[in-house]
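Inside the fold
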Amino acid sequence: MPTRTAETELGNMTEQIAFTAFDEAAFEAAVRAAQKSLSEGGIPIGAALARGSEVIASGHNERVQHGDPIAHGEMAALRAAGRQKSYRDTTLYTTLAPCAMCTGTIIQFKIPRVVVGEARTFAGEFELLRSRGVEVLVLDDQRCEDMMLSFQQDHPALWAEDIAE
């Protein structure tokens, strides 16, 4: 698989950053989690938490499956990781830009780096993350965008509920 680049914003400039083979593997864990959620009739958002060269855990949006309003993909991955002494050396990979709730959790636990599959179908809270020193990389992954576009078109009421619209 070819190495791709990710975009990150630094001030008013956009920089291309190399995306490592491990980043790719960890991001794929998030994509698989999103696909699993979709196959279960849920919202196709997945996430994975990694430290060093190890994926600690992955999870997916389980709002539909569990009737839990805060069971977003990022929350599910953190829940699956269990208690950690610190998150300051982790990276969170997610298929979609984090919402305000998930952004707050990232900030709360001082996760320093977030890799995002796409932010076209939902803009998320990048400005807040970056204002708190979080490095945000956006991949513009077409699979993630296509999955969310299809879901949003097929289930507009469920999507609106997920983002509290």
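Heads up: the structure comes first, above all this text.
Residues numbered from 1 in each chain as written. Predicted model: local features only at pLDDT ≥ 70, side-chain atom pairs only at ≥ 80, totals over all residues. Heavy atoms only, no water.

1. Description of the overall build of the chain
- Within the chain one finds seven helices and seven strands.
- Reading the chain from its N terminus to its C terminus gives the helix and strand order β-β-α-β-β-α-α-β-α-β-α-β-α-α.
- Out of the 165 residues in the chain, the part that is buried amounts to 48%.
- Residue pairs at least 24 apart in sequence account for 53% of intrachain contacts in the chain once pairs closer than 6 positions are excluded.
- With an accessible surface of roughly 8,200 Å², the chain has 51% of that area assigned to carbon and sulfur atoms. (Helix = DSSP H or I, 4+ residues; strand = E, 2+ residues; numbered from the N terminus. Buried < 20%, exposed > 50% of the residue type's maximum accessible area, 1.4 Å probe, protein only. Contact = heavy atoms within 4.5 Å. Areas by Shrake-Rupley, 256 points an atom, 1.4 Å probe, with all protein chains shown as cover.)

2. Thoughts on the packing of helix H3 (residues 73-81) against helix H4 (residues 100-108)
- Following both chains from N to C, one finds H3 and H4 inclined at 35°, their axes separated by 9 Å at the closest point. The residues of H4 that touch H3, namely those facing Glu74, Met75 and Leu78, are Met101, Cys102 and Thr105. (Axes fitted to C-alpha atoms, helices over the stretch in contact; angles between N-to-C directions.)

3. Some remarks on the side chain of Thr91
- Structurally, Thr91 can be placed in strand S5 (residues 90-96).
- Of the polar contacts made by the side chain of Thr91, one reaches the side chain of Arg113; its length is 3.4 Å.
- If we skip the residues at most four places from it in the chain, Thr91 touches Ala48, Leu49, Ala50, Arg113 and Val115. (Polar contact = N/O pair within 3.5 Å; in protein donor to acceptor, adjacent residues only side chain to side chain.)

4. Description of the packing of helix H1 (residues 21-39) against helix H6 (residues 142-154)
- At a closest axis distance of 11 Å, the pairing of H1 and H6 adopts a crossing angle of 20°. Relative to H6, the element H1 is oriented roughly parallel. Both H1 and H6 take part in a crossing whose hand is left-handed. Of the residues in H6, those in contact with Phe27, Glu28, Val31, Ala34, Gln35 and Leu38 of H1 are Arg143, Cys144, Met147 and Phe151.
- In the contact of H1 with H6, the residues fall into seven nonpolar, one polar and two charged. (Parallel < 35°, antiparallel > 145°, perpendicular 65-115°, else oblique. Left-handed = near helix turned anticlockwise from the far one by under 90°. Nonpolar A, V, L, I, M, F, W, Y, C, P; charged D, E, K, R; others polar.)

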